[in-house]
Amino acid sequence: MTYTFVTLFPNLIEGYFKDSILKRAIDKDILEINYLNPRDYSKNKHFKVDDTAIGGGAGMVMNPQPLFDALDDLKSRNENIHIVFLTPVAKPFVQNDAKRLANKTHIAFVSGRYEGIDERVIEKYADEVFSIGDYILTGGELASLVICDAVSRNIDGVLGNAQSLEVESFETPLLEAPSFSKPKIYEGLCVPSEYLKGNHSKIRSLKLALSEAKTKFFRPEQLIKHNAEQYLL
Ligand code: SAM
């Protein structure tokens, strides 16, 4: 998978790929990361990329010209590129999107800054738009990293243990049951006794009950939305 980050601030993104799982995936040639800075395409003599909003309103909006030229260039060099814009004005990104996008070969993430991107750019170039939640960030870079990370985990070879994908929250409507590590007792706090007895069917039942309780408490809409009867005890 190749990712191209279209951003005015590539430095904000680069550090994330310098360690841990995604770095290893880059070292194994499973992932390739590129950057494209719209400022490099600006025809303004001062390389400006933004201007005041037509029709009024606070703040600056990213101009169409640098982004049109950057994205035309990107598309001319990459036939199968899938262009994703990050914006709060979109449907929220979810786990199924992560799994679906993992089948692409090249994804470009376009980050807005300031008050956002001139809508004509999004209309012309977006294959998809995503929000990562109902709050406003200063720019799309973090949002693009969030999506890139979630997609990458679903690409063959990125995770050491692919089985861990199957048992995670959002694979079913139930959130994952609590996990515990060693030691069995830490500062007087015990792991639930059933976890310690080695009876796998009992552990499974307890985990299911805890999953159900957590989901009812934190995300009750998940159970309603997914007709979750089949997953419950
Ligand atoms: N004026 C915009 C609005 O009210 O919808 C917000 C612009 S925000 C300050 C600047 C950029 O951050 C956006 O163009 C987008 O790329 C990114 N951004 C902010 N919040 C986001 C979110 N929840 N999901 C995805 N991208 C976001």
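Computed from a prediction, not measured in an experiment: that's the story for all the values here. Throughout this description, residue numbers start from 1 for each chain and increase along the sequence as written. Per-residue local features of the predicted model are confined to residues with pLDDT of at least 70, and side-chain atom pairs are confined, for both listing and counting, to 80 or more; whole-chain, interface and lining totals are unaffected and use all residues. Each side-chain value is worked out from all heavy atoms of the structure, with water and hydrogens disregarded.

Here we look at the overall build of the chain
Next up, step 1: Starting at the N terminus, helices and strands are each numbered in turn, a helix being any DSSP run of H or I of at least four residues and a strand any DSSP run of E of at least two. Check the secondary structure of the chain and you find 10 helices and nine strands.
Next up, step 2: Radius of gyration here is computed from C-alpha atoms only, and the compact-globule reference equals 2.2 Å multiplied by the residue count raised to the power 0.38. Taken over the C-alpha trace, the chain has a radius of gyration of 22 Å; the compact-globule value for 233 residues is 17 Å, which it surpasses by more than 25%.
Next up, step 3: Each principal axis of the C-alpha distribution contributes one length, and for the chain these read about 70 × 40 × 35 Å.
Next up, step 4: Here the chain holds 233 residues, and 38% of them are scored as buried.
Next up, step 5: Contacts in the chain between residues far apart in sequence, at least 24 positions, make up 74% of those at least 6 positions apart.
Next up, step 6: Here Asp and Glu are counted as negative and Lys and Arg as positive; His is not counted, and neither are the chain ends. For this purpose, a charge sits on NZ of Lys, CZ of Arg, CG of Asp or CD of Glu. Of the side chains in the chain, 28 bear a positive and 32 a negative charge, and the two mean positions are spaced by 5 Å. Per-residue accessibility, obtained with a 1.4 Å probe over protein chains only, is compared with the maximum for each type, and a residue is labelled buried under 20%, exposed over 50%, and partly exposed between these values. Whether two residues are in contact is decided by their heavy atoms: any pair within 4.5 Å suffices.

Focus on the site of the ligand
Next up, step 1: Every one of the 19 residues lining the ligand counts as a neighbour, but Leu86, Gly112, Glu115, Gly133 and Tyr135 are closest to it.
Next up, step 2: Pairing of N or O atoms within 3.5 Å defines a polar contact, subject to two protein rules: one partner must be a possible hydrogen donor and the other a possible acceptor, and residues neighboring in sequence count only if both atoms are side-chain atoms. A distance of 3.0 Å separates a nitrogen atom of the ligand from a polar atom in the side chain of Glu115.
Next up, step 3: Here the ligand, which alone exposes 590 Å², has 85% of that area covered by the protein.
Next up, step 4: Ten residue types, Ala, Val, Leu, Ile, Met, Phe, Trp, Tyr, Cys and Pro, are classed as nonpolar, four, Asp, Glu, Lys and Arg, as charged, and the remainder, Gly among them, as polar. A per-class count over the shell around the ligand returns 10 nonpolar, eight polar and one charged. To be near a molecule or strand, a residue needs just one of its heavy atoms within 4 Å of it. Surface accessibility in these figures is a Shrake-Rupley result with a 1.4 Å probe; residues are shielded only by whichever protein chains are displayed.

A look at the pattern of salt bridges
Next up, step 1: Only one rule defines a salt bridge in this text: a Lys or Arg side-chain nitrogen within 4 Å of an Asp or Glu carboxyl oxygen. In the structure shown here, the tally under the stated rule is 13 salt bridges.
Next up, step 2: Arg77 is the salt-bridge partner of Asp73, the closest N and O atoms lying 3.1 Å from each other. Note that Asp73 and Arg77 are positioned in helix 3 (residues 64–77) at a spacing of four residues, about one turn of the helix.
Next up, step 3: When the shortest N-O distance is used, the salt bridge between Glu128 and Arg100 registers 2.7 Å. Of this pair, Glu128 sits in strand 7 (residues 128–130) while Arg100 sits in helix 4 (residues 95–101); the two residues are 28 residues apart in sequence, bridging distant segments of the chain.
Next up, step 4: For Glu128, a relative accessible area of 13% puts it in the buried group.

Focus: the domain arrangement of the chain
Next up, step 1: Here the chain is partitioned into domain 1 (2–152) and domain 2 (169–232).
Next up, step 2: Domain delimitation follows an automatic or database domain assignment. Put simply, the middle of domain 1 and the middle of domain 2, counted by C-alpha atoms, are 36 Å apart.

Focus on the packing of aromatic side chains
Next up, step 1: The criterion for an aromatic pair is that two Phe, Tyr or Trp rings (for Trp, the six-membered ring) have centres within 6.5 Å, with stacked assigned to planes under 30 degrees apart, edge-to-face to planes over 60 apart and tilted to the rest. Counted under the stated rule, the structure contains nine aromatic pairs.
Next up, step 2: Plain terms: the ring middles of Phe68 and Tyr125 are 5.2 Å apart, the flat faces sit at 85° to each other, and that makes the pair edge-to-face. With a gap of 57 residues between them, Phe68 in helix 3 and Tyr125 in helix 5 (residues 119–125) connect regions that are remote in the sequence.
Next up, step 3: Residue class for Phe68 comes out partly exposed when judged on its relative accessible area of 23%.
Next up, step 4: Using a relative accessible area of 3% as the deciding quantity, one classes Tyr125 as buried.
Next up, step 5: A ring pair is formed by Phe93 and Phe130, whose centres lie 5.2 Å apart and whose planes are at 85°; its orientation type is edge-to-face. In this pair, Phe93 is assigned in the loop between strand 5 (82–86) and helix 4 and Phe130 in strand 7, connecting sequence segments 37 residues apart.
Next up, step 6: A network of ring pairs unites the aromatic residues Tyr3, Phe5, Tyr16, Phe17, Tyr35 and Phe109 as a single cluster.

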